[in-house]
Amino acid sequence: MKSKLVLQGESSECALACLAMIASHHGQVHDMAAMRRRFDTSQRGATVAELVRHASALELAARPVRLELEDLPELKLPCILHWNLNHFVVLTRVLAGARGVIVLDPALGERRLSMAQVSHSFTGVALEFTPTPRFERHDHSTPLSLRGLVGPVRGLRRATVQLLLWSAALELFAVMLPIFNQVVVDEVILSGNRPFLTTLFCAFLLLVAVYAGIDYARSRFLMRWSFEVNLQWVARVFSHLTRLPVAYFEKRQLGDITSRFESITIVQNTLTSLMLETVLDLVLALLSLAMLLAYSWQLAALTLGCVLVYGVIRARLQEPLRNATNDGLLMHARERSYFIETLRTMTAIRLYGQESDRTARWLNLKQDAANCEARRQRIIALAKVLNTAVFSIEALGIFYLGAGLVMDRAMSVGMLMACSVYAVIFSNRATRLINLLVDLNMARLYAERLGGIVHEPAEPTETAAFDLGQIRGAITLRQVRFRYSPADPWILDGIDLHIDAGDSVVLTGASGCGKTTLCKILMGLLEPSEGEMLVDGIPVATLGLANYRRLVSAVMQDDSLQQGSIADNISFFAHDAEPARIRACARQAAIDDEIMATPMTYQTLVGETGNVFSGGQKQRILLARALYKQPRILALDEATSHLDNDNELRISHVVRQLRLTRIIVAHRSGAIAEGDRIFEMQAGKLHERSAALPLAQAAS
């Protein structure tokens, strides 16, 4: 069985994707969704030892070997190669004469590499795989359901019937046209009957007017309905995207997510063509072939043969076209991610003088994407040239055979003209169906990428009804443990914590010890791997994450402002924003005076990510936003790190006076001193420190 390419969804999944390709080669089909369900992936990726354990779970015996480049032909293929010290690829073929290799790269697709390129990337470690006696051939992949991908579309049945009726009327005209040609030639021209010619001309002129009117009405309806369907679908996918867990966005590049989201347009256009053209094209193609057979079986056989030849050509070109399209999508996503990253880090790029290097690397990515697109366009151009050649031969053949049949008096000149038109109709409709099948194969590629969003499980939104007004904000953690995957060490290892409503708790400790992770769990952004969290004695799982987050506000290290006015950002674009409350929160956050000093005060536009403000000003606006929500629980993750001493003291005084539960992650002594209770994170454990300890010791 030929190895099937499986693409990774994130950089840490290359080992799982390679293992899925190996298993699929032996008959046990897995896609990335199935592999994720079975194996949790560390954000660090997988080691060779972890890859061996995962293979054993699939009943594949893995044999790690160390070898030199010249020993590659001796490997049992397909096998996995360790690549660039931080990646894995599947080796599927070693070309004769040391001309290179073919690898399936889960990040870049199928690649043909020279031995020099292999020498540069191959680390010398490979894994061979053999199915054990318990290995089972089975398809574990998630079916690509059109209903699951598209979802319900309002008005689909009514629109389909209406479009099919209009299209059928247009196709009827196409069927009648050859008969008109035959009548004109055989009954009018040869008999010299001018009045009859005038009558036929007027009748068909009227039909042309009706045809144009129907075609215009259908085009307008199709355009409007396509926009409506696209809007429904885009809204549904975007809504699903916004409900995916925070961890989904932390693991993936923005360019890749954007590329997957934009696949909607390609898939929708192909499905619209499929709905409108398939049935009618098939009916008209069969009808025209039947008419052609009625006139001449020889001409019908010639026409059918040319269509079959074209079908074989497109089938042979389909896989290279799919590979080129897939490579282009991956390269385009990498280029876009690099472009977005460049724009976001422009200050650092200028500071370190990396403009030229950054430009050169972006141009290389752009050139790689352009090369893939050029390869795809060459294949499409070849298909067009061969299409022209095949059907030019068909036209010459019909002219040659048809002329012979006319000379043999087997048909009239008018019948030959009708046959030539029916041959063109059949060829055009049949080739459109063949091209549509190719487009469907390409659309499946886009649909698989879109499935990387649609098939990701969203956080549950249906929660039981609770009177949140009665929640006071007491938090309890019971033996909470957390890690991102079973292969990772525990970040939090058995945390027991109780915070009374209204308490101010400070979390401190060395960088990377897990303070922010614990804070995210306390905010409901991450769920514990083990243990549970309760609010006022109610498990958060029972209360529901959506309900719990209504009680929580936060200012995080990586928070940013959004495009809009200052007032919009403080109210977080609330439809019923209260100006008086907005200003009161700004006063509490010690930012009101600076806002009022701007020319447009609270209507001053923030700009993208709030770059028109200093770091300290942004932190205070974000604090005002957190206060505007009127939470029961307030989390501050280094929320005063950009403030001067005076403003930090003012903010600390405001936070101290708030009648709500406060969770403060801090290193600075001023913030630590504001806590009623101080906890230090060490080795995944939480240790309470006395508030009377020296601040320098508490912050260590």
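Residues numbered from 1 in each chain as written. Predicted model: local features only at pLDDT ≥ 70, side-chain atom pairs only at ≥ 80, totals over all residues. Heavy atoms only, no water.

1. Describing the overall build of the protein chain
A tally of regular secondary structure across the protein chain gives 23 helices and 18 strands. Residues counted as buried form 46% of the 700 residues belonging to the protein chain. Once local pairs closer than 6 in sequence are excluded, the contacts in the protein chain between residues at least 24 apart make up 75%. As displayed, the protein chain has an accessible area near 35400 Å², and 58% of this comes from carbon and sulfur atoms. (Helix = DSSP H or I, 4+ residues; strand = E, 2+ residues; numbered from the N terminus. Buried < 20%, exposed > 50% of the residue type's maximum accessible area, 1.4 Å probe, protein only. Contact = heavy atoms within 4.5 Å. Areas by Shrake-Rupley, 256 points an atom, 1.4 Å probe, with all protein chains shown as cover.)

2. As for the packing of helix 10 (residues 297-344) against helix 12 (residues 355-407)
It is the contact of helix 10 with helix 12, at a shortest axis distance of 9 Å, that shows an interaxial angle of 170°. One way to sum up the angle between helix 10 and helix 12 is to call them roughly antiparallel. The residue inventory of the contact of helix 10 with helix 12, partitioned by class, reads 28 nonpolar, 10 polar and 12 charged. (Axes fitted to C-alpha atoms, helices over the stretch in contact; angles between N-to-C directions. Parallel < 35°, antiparallel > 145°, perpendicular 65-115°, else oblique. Nonpolar A, V, L, I, M, F, W, Y, C, P; charged D, E, K, R; others polar.)

3. Observations concerning the sheet that holds strand 7 (residues 122-131)
Pairing in this open sheet of 6 strands is antiparallel, and the strands run 2-7-3-4-5-6 from one edge to the other. The sheet is open, and its two borders are formed by strand 2 (60-66) and strand 6 (109-113), each paired with just one other strand. Adjacent strand axes in the sheet meet at a mean angle of 30°, parallel and antiparallel pairs treated alike. As judged from the 7 bridges shared by strand 2 and strand 7, these two strands associate in the antiparallel manner. Directly across from Arg-63, in strand 7, lies its bridge partner Glu-128. Sheet strands touched by helix 1 (residues 14-25): strand 2, strand 3 (79-83), strand 4 (87-94), strand 5 (101-105) and strand 7. Its angle to strand 4, the strand with the most contacts, is close to 30°. (Pairing = 2+ DSSP bridges.)

4. Points about the UniProt feature "transmembrane region" (unreviewed entry) in the protein chain
Summarizing the sequence annotation, UniProt attributes the feature "transmembrane region" (unreviewed entry) to residues 163-184, 196-214, 270-289, 295-313 and 385-403 in the numbering used throughout. Along residues 295-313, the helical share is 95% and the strand share 0%, with 28 Å between the first and last C-alpha atoms. Counting secondary structure, residues 385-403 comes out at 100% helix and 0% strand; the distance between its end C-alpha atoms is 27 Å. (UniProt positions renumbered as here; feature names shortened; annotations may be inferred.)

5. Observations regarding the nonpolar core
Core analysis: the largest hydrophobic core is formed by 35 residues, its most contacted members being Ile-495, Leu-507, Leu-518 and Tyr-548. In terms of residues, this core owes the most to one element, helix 14 (residues 515-523), which gives 5 residues. Contact partners of Tyr-548, with chain neighbours within four places excluded, come to Ile-475, Leu-522, Met-523, Gly-524, Met-533, Val-535, Val-540, Leu-543 and Ile-633. (Core = buried A, V, L, I, M, F, W, Y, C linked by side-chain atoms within 4.5 Å.)

6. Looking at the sheet that holds strand 11 (residues 504-509)
Read from one edge to the other, the open sheet built from 6 strands follows the order 14-15-16-11-17-18, with strand pairing classed as mixed. Two strands lie at the open edges of the sheet, namely strand 14 (552-555) and strand 18 (685-689), each paired on one side alone. Geometrically, the sheet is characterised by an average inter-axis angle of 20° between neighbouring strands, direction not taken into account. Note that strand 11 and strand 16 (residues 661-665) share 4 bridges and pair parallel. Across the sheet, Val-505 pairs through a bridge with Ile-663, a residue of strand 16. Against the sheet, helix 14 engages strand 11, strand 14, strand 15 (633-637), strand 16, strand 17 (677-682) and strand 18, with an angle of about 150° to strand 11.

7. What about a nonpolar patch on the surface?
Residues Phe-339, Leu-343 and Met-346 make up a contiguous nonpolar surface patch of about 270 Å² in total accessible area. The topology assignment puts Leu-343 in helix 10. (Patch = residues over 30% accessible without salt bridge, like charges linked within 9 Å, V, L, I, M, F, W, Y side chains within 5 Å. Salt bridge = Lys/Arg side-chain N within 4 Å of Asp/Glu carboxyl O.)

8. Let's talk about the pattern of salt bridges
What the rule picks out here adds up to 16 salt bridges. In this structure, the salt-bridge partner of Arg-581 is Glu-578, at a minimum N-O distance of 3.4 Å. Judged by its relative accessible area of 40%, Glu-578 is partly exposed. By sharing partners, the salt bridges in this structure join Arg-481, Asp-493 and Glu-530 into a single network.

9. A closer look at the environment of Cys-18
Counting through the fold element by element, Cys-18 comes out in helix 1. A residue is classified by how much of its surface remains accessible, and Cys-18, at 0% relative accessible area, is buried. Along the backbone, Cys-18 and Phe-88 are 70 residues apart, and their C-alpha atoms lie at a distance of 6.9 Å. With residues near it in sequence (within four places) discarded, Cys-18 still touches Ile-80, Phe-88, Val-89, Val-90 and Pro-106.

10. Notes on the pairing of strand 6
Pairing analysis gives 5 bridges linking strand 5 to strand 6, with the strands arranged antiparallel. Residue pairing in the sheet places Ile-102 in a bridge with Arg-112 of strand 6. The antiparallel pairing of strand 5 with strand 6 creates a hairpin that spans 3 residues between the two strands.

11. Description of helix 18 (residues 579-588)
Taken together, the buried positions of helix 18 are Ile-582, Cys-585 and Ala-586. Around the axis of helix 18, the buried residues are gathered within 100° of arc, so they sit on the same side. Two residues or fewer past helix 18, Ala-590 is found with a positive phi of approximately 60°. (Arc of directions from axis to C-beta.)

12. Considering unusual backbone geometry
Cis geometry is found at the peptide bond from Leu-77 to Pro-78, where omega equals -5°. Considering the arrangement of structural elements, one finds Pro-78 in the loop between strand 2 and strand 3. A positive phi angle is found at Ala-590, which is not glycine, with a value near 60°. Position of Ala-590 relative to the elements: it lies in the loop between helix 18 and helix 19 (592-596). Here Ala-590 falls in the buried class, since its relative accessible area comes to 8%. Here Ala-683, not a glycine, exhibits a phi torsion of approximately 55°, which is positive. Summarising the element assignment, Ala-683 is placed in the loop between strand 17 and strand 18.

13. A look at a negative patch on the surface
Negative charge collects at one region of the surface, where Glu-68, Glu-70, Asp-71 and Glu-74 lie side by side. Along the chain, the position of Glu-74 falls in the loop between strand 2 and strand 3. What makes Glu-74 exposed here is its relative accessible area of 66%. (Lys, Arg positive; Asp, Glu negative; His and termini not counted. Charge placed at Lys NZ, Arg CZ, Asp CG, Glu CD.)

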